[in-house]
Amino acid sequence: MCKGNIERCIVTWGRLQTFLFTRLIAGQFRQCGPGTRISPPFRFANLSRINLGAGVMIHRDCWIHVRDDPAGDKSEPAIVIKSNTGIGMGATLSAMRRIVIGEHVMLARNVYISDHAHAFEDMNLPIALQGIAKVGEVEIGDSTWLGQNACVLPGVRIGRHCVVGSNSVVTHDVPDFCVAAGVPAKVIKRYNVETRVWEKVSPASK
């Protein structure tokens, strides 16, 4: 068998796995739109509180889960991924209150998004036993792109048509039509709607 045939067989087998796995698991979500695909292996919890729009693609090795929040409203979805959004390999979405990801969003590999953080203030107790300290809803606007290894922390809103650079840690809101990068992430470019040009942001104007 030639190399080309082997490659085609492997690709076809991968697509078949994704198709079968999606059919198996789709009914467990609160909502799963048509054309959505989920590639195994896939780690998850509380799928009944997750909404997936149409045409969503969740690549392999992702971990998407909802933690139990005694104060939360369980009648509403805790994670919403809107239509035609792609979740890259190895991404983690962890929600206690609410994470909303807009339409046509791209998440590169190993992106981390969480609406909660671990407590650490008590020096007499191991951090692993201190539970959750900070909870804040997270929103990612339509048509935004998060680069590889980007982290989005609790309480952050990233606007529409934004770019977040690889390895960035987003601790504060990013307005619409901006490029942000760094640790912590800062806005380095903005789109000028009048000139239709992406303009660098000077340190003084940030």
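Residues numbered from 1 in each chain as written. Predicted model: local features only at pLDDT ≥ 70, side-chain atom pairs only at ≥ 80, totals over all residues. Heavy atoms only, no water.

*Asks:* Residue-level account of the overall build of the protein, with values.
*Replies:* Secondary structure summary: the protein contains 1 helix and 23 strands in total. Seen through its C-alpha atoms, the protein measures out along the principal axes to roughly 60 × 50 × 30 Å. Buried residues in the protein amount to 38% of all 206 residues. Within the protein, counting contacts between residues at least 6 apart in sequence, those at least 24 apart form 27% of the total. (Helix = DSSP H or I, 4+ residues; strand = E, 2+ residues; numbered from the N terminus. Buried < 20%, exposed > 50% of the residue type's maximum accessible area, 1.4 Å probe, protein only. Contact = heavy atoms within 4.5 Å.)

*Asks:* Lay out the nonpolar core with the relevant residues and their values.
*Replies:* Counting 42 residues, the largest nonpolar core has F42, I101 and I113 as its most contacted members. Those elements that provide at least two residues to this core are α1 (3-25), β4 (50-52), β6 (62-66), β7 (79-81), β9 (92-95), β10 (99-101), β15 (138-140) and β21 (178-181). With 3 residues, the top contributor of residues to this core is β6. Those residues in contact with F42, other than ones at most four positions away along the chain, are F21, I25, F29, L47, I58, C62 and I64. (Core = buried A, V, L, I, M, F, W, Y, C linked by side-chain atoms within 4.5 Å.)

*Asks:* Mind laying out the sheet that holds strand β20 (residues 169-170), listing which residues take part and the relevant values?
*Replies:* Spatial ordering of the open sheet is given by β3-β6-β9-β12-β17-β20, a layout of 6 strands whose pairing is parallel. One side of each edge strand has no neighbouring strand; the edge strands of this open sheet are β3 (42-45) and β20. Sheet topology places β9 next to strand β12 (residues 112-114); 3 bridges connect them, and they run parallel. Bridging from a neighbouring strand, L93 pairs with I113 of β12. (Pairing = 2+ DSSP bridges.)

*Asks:* Describe the environment of D115, listing the residues and the values that go with them.
*Replies:* Within the secondary structure layout, D115 lies in the loop between β12 and β13 (116-118). Taking the C-alpha atoms as reference, D115 lies 6.8 Å from R98; in sequence the two are 17 residues apart. If sequence neighbours within four positions are ignored, D115 has contacts with S94, A95, M96, R97, R98, I99, K134, V135, G136, E137, V138 and P154. Here the side chain of D115 touches M96 through a polar contact of 2.7 Å, landing on its backbone nitrogen. Among the polar contacts made by the side chain of D115, one reaches the side chain of H116 at a distance of 2.9 Å. (Polar contact = N/O pair within 3.5 Å; in protein donor to acceptor, adjacent residues only side chain to side chain.)

*Asks:* Give a detailed account of the environment of A117, specifying residues and quantitative values.
*Replies:* By the secondary structure assignment, A117 is in strand β13. The exposure class of A117 is partly exposed, given its relative accessible area of 26%. Put simply, A117 and A26 are 91 residues apart on the chain and 29 Å apart in space, counted from C-alpha to C-alpha. Residues in contact with A117, not counting those within four places in the same chain, are G131, I132, A133, K134 and P154.

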